[in-house]
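Chain and residue survey
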Amino acid sequence: MKIFTIILSVIAFGLIVFNFTQVNFKAPLEGDSIIAVITIVASLCVLVMMAILRTSKRIEQKVKGTK
């Protein structure tokens, strides 16, 4: 599970970098730029969810270790 979350986080970070280059900063909410902005936001959500998942797994391991 740990390797899966790391791989997914790296892919999401790569998508953020790629789509950041696709954004037209003069008109970020028009044409293909809006798709890039939406993908950046979605990738940021994935990064947050993977951080939450890793944290919850660490908490789960600590709770199992005390019982």
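A few points on the structure. (Residues numbered from 1 in each chain as written. Predicted model: local features only at pLDDT ≥ 70, side-chain atom pairs only at ≥ 80, totals over all residues. Heavy atoms only, no water.)

1. Observations regarding the packing of helix H1 (residues 2–22) against helix H2 (residues 32–66)
- Their axes nearest at 9 Å, the elements H1 and H2 cross at an angle of 160 degrees. Relative to H2, H1 is oriented roughly antiparallel. Here H1 runs over H2; the crossing is left-handed. Contacts between H1 and H2 involve Thr5, Ile6, Leu8, Ser9, Ala12, Phe13, Leu15, Ile16, Asn19, Phe20 and Gln22 from the former and Ser33, Ala36, Thr39, Ile40, Ser43, Leu44, Val46, Leu47, Met50, Leu53 and Arg54 from the latter.
- Residues of the contact of H1 with H2, tallied by class, amount to 14 nonpolar, 7 polar and 1 charged. (Axes fitted to C-alpha atoms, helices over the stretch in contact; angles between N-to-C directions. Helix = DSSP H or I, 4+ residues; strand = E, 2+ residues; numbered from the N terminus. Parallel < 35°, antiparallel > 145°, perpendicular 65-115°, else oblique. Left-handed = near helix turned anticlockwise from the far one by under 90°. Contact = heavy atoms within 4.5 Å. Nonpolar A, V, L, I, M, F, W, Y, C, P; charged D, E, K, R; others polar.)

2. Details of H2
- Along its 35 residues, H2 runs 52 Å from first to last C-alpha, staying within 8% of the 51 Å computed at 1.5 Å per residue.
- The set of residues buried in H2 consists of Ser33, Ala36, Ile40, Ser43 and Met50. (Expected span 1.5 Å × (residues − 1). Buried < 20%, exposed > 50% of the residue type's maximum accessible area, 1.4 Å probe, protein only.)

3. Re a nonpolar patch on the surface
- Where nonpolar side chains cluster on the molecular surface, the patch consists of Ile3, Ile7, Ile11 and Leu15 and spans about 390 Å² of accessible area.
- Locating Leu15 in the fold gives a position in helix H1.
- The class of Leu15 is partly exposed, set by a relative accessible area of 37%. (Patch = residues over 30% accessible without salt bridge, like charges linked within 9 Å, V, L, I, M, F, W, Y side chains within 5 Å. Areas by Shrake-Rupley, 256 points an atom, 1.4 Å probe, with all protein chains shown as cover. Salt bridge = Lys/Arg side-chain N within 4 Å of Asp/Glu carboxyl O.)

4. Describing H1
- Compared with the 30 Å implied by 1.5 Å per residue over 21 residues, the 31 Å span of H1 between its first and last C-alpha is a close match.
- In this structure, the buried residues of H1 make contact with H2.

5. Some words on the environment of Thr66
- Relative to the helices and strands, Thr66 resides in helix H2.
- C-alpha of Thr66 to C-alpha of Lys26: the two residues are 40 residues apart in sequence and 55 Å apart in space.

6. Side note on the pattern of salt bridges
- Going through the model one piece at a time under the given rule, you end up with 2 salt bridges.
- One salt bridge connects Glu60 with Lys57, and the closest N-O pair in it is separated by 3.6 Å. On the criterion of helical spacing, the pair formed by Glu60 and Lys57 is a turn pair, its members being 3 residues apart in helix H2.
- One salt bridge in this structure joins Glu60 and Lys64, with 3.6 Å as the shortest N-O distance. Within this pair, Glu60 and its partner Lys64 are both found in helix H2, separated by 4 residues, close to a single helical turn.

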